[in-house]
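# Chain and residue survey
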Amino acid sequence: PLEDVVLTVCDLGLDEASNEDYALLGVAAGVCRFLGRAPDAPDERSIHAAFYGLQDLGALDSQGYLTHLGALLMRLPVPPALGAALFLGGLLNVTPVASQVAAAAESREPWIRRGREMEDTIDVGEFAKPDLAGVEVIWSDTFVVANALKKFESLPTDAEKSQFCHSKGLLMPAMQQMANS
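Residues numbered from 1 in each chain as written. Predicted model: local features only at pLDDT ≥ 70, side-chain atom pairs only at ≥ 80, totals over all residues. Heavy atoms only, no water.

### Considerations on the nonpolar core
Going by this rule: To qualify as a nonpolar core, a set must consist of buried Ala, Val, Leu, Ile, Met, Phe, Trp, Tyr and Cys residues joined through side-chain atoms within 4.5 Å. Each residue is assigned to one of three classes by its accessible area relative to the maximum for its type, calculated with a 1.4 Å probe on protein chains only: buried under 20%, partly exposed between the two thresholds, exposed over 50%. Working definition: helices are DSSP H or I runs of at least four residues, strands are E runs of at least two. Numbering for both runs from the N terminus. Residues are treated as being in contact if the distance between any of their heavy atoms lies within 4.5 Å.
The biggest cluster of nonpolar side chains holds 17 residues, and the ones touching the most others in it are V6, V31 and F51. Of all the elements in the fold, those that place two or more residues in this core are α1 (2–11), α3 (29–36) and α4 (44–57). Apart from residues lying up to four places away in sequence, F51 is in contact with V6, C10, V27, A28, V31, L60 and G64.

Here is the structure:
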């Protein structure tokens, strides 16, 4: 969330700093000074991490000015890193996969939590199997959820989706929320 705030401060031009501040705090001086006046100000280390993270992402240039990518990211209702991933997915012509990963990253966990006393356990590993034959790939939780979402979205009817969720230990409302996002 701090990256969103830092990007907004830079976009609105609220990050002006004196030469003295610039010499002391570096290129992020204006953002540090502006956010330092907030009632519940974040610490400077966190501000610097967010600022330099946005530079690494390409949303801010070396002087801390908003780039074209940064201006585009400002208009998306997702965190900057996720927005950049969506843009990159579009450029690489893998928009459906990028949107499924984005939905999985931003949504709550869809797995039903069952106690140890239940015999039927959820085989989450099924969704970690890649579609590449003979290639062993280790996926993160986000990609496992994205793979489950891909299979969920491929089902044509709500009844089949409901049965899929029930049989795989998934929460239907969470899966619908991700599919609609």
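### Notes on unusual backbone geometry
Residue N93 is not a glycine yet carries a positive backbone phi of 65°. For N93, the location among the structural elements is in the loop between α6 (80–91) and α7 (95–106). Overall, the relative accessible area of 69% leaves N93 in the exposed class.

### Topic: the packing of aromatic side chains
To be explicit about the condition: When two rings of Phe, Tyr or Trp (its six-membered ring) have centres within 6.5 Å they constitute a pair, described as stacked for plane angles under 30 degrees, edge-to-face for angles over 60, and tilted for the intermediate range. Whether a charge sits over a ring comes down to the Lys NZ or Arg CZ being within 6 Å of the ring centre and within 35 degrees of the ring normal.
Taken as a whole and assessed by the stated rule, the structure comprises one aromatic pair. In this structure, K161 packs its charged tip against the face of F152, placed 5.2 Å from the ring centre.

### Focus on helix α8 (residues 141–153)
Quick note on the threshold: Helix span, as expected, comes to 1.5 Å for every residue beyond the first.
Taking 1.5 Å of rise per residue, 13 residues should cover 18 Å, and α8 covers 18 Å from first to last C-alpha, within 8% of that figure. Listing the buried residues of α8 in full gives V144, V145, A146, N147, A148, L149 and F152. Where α8 is buried, its residues touch α7, α9 (158–168) and α10 (172–180).

### Looking at the environment of G30
The topology assignment puts G30 in helix α3. The buried category is assigned to G30, whose relative accessible area is 3%. Sequence separation between G30 and G64 is 34 residues; the distance between their C-alpha atoms is 9.3 Å. Setting aside chain neighbours within four positions, we find G30 in contact with L14, D15, E16 and A17.

### Here's the deal with the packing of α3 against α4
If you want to describe how two helices pack, look at the angle between their axes and the distance between the axes. As a reminder, the rule being used: As a rule, the C-alpha atoms of each element are fitted with a line to give its axis, helices using only the stretch in contact, and angles between N-to-C directions run from 0 to 180 degrees. An angle below 35 degrees is read as roughly parallel, one above 145 as roughly antiparallel, one from 65 to 115 as roughly perpendicular, and any other as oblique. Each crossing gets its handedness from the near helix: less than a right angle anticlockwise from the far helix is left-handed, clockwise is right-handed. Following the grouping adopted for this structure description, the nonpolar residues are Ala, Val, Leu, Ile, Met, Phe, Trp, Tyr, Cys and Pro, the charged ones are Asp, Glu, Lys and Arg, and the polar ones are all others, Gly among them.
Put simply, α3 and α4 touch, their axes get as near as 10 Å, and they point 135° apart. Taken together, α3 and α4 sit at an angle that is classed as oblique. The chirality of how α3 crosses α4 is right-handed. Here α3 contributes V31, C32, R33 and L35 to the contact with α4, which in turn contributes E44, I47, H48 and F51. Counted by class, the contact of α3 with α4 contains five nonpolar, one polar and two charged residues.

### A few points about the confidence of the model for the chain
Inclusion rule: Each residue carries a pLDDT score, the predictor's own confidence in it, on a scale running from 0 to 100.
Of all residues in the chain, 80% attain a pLDDT of 70 or more, and the chain-wide mean is 81. Low pLDDT, under 50, characterises residues 115–121; the stretch is placed with one contact to residues that sit more than four places away or in other chains.

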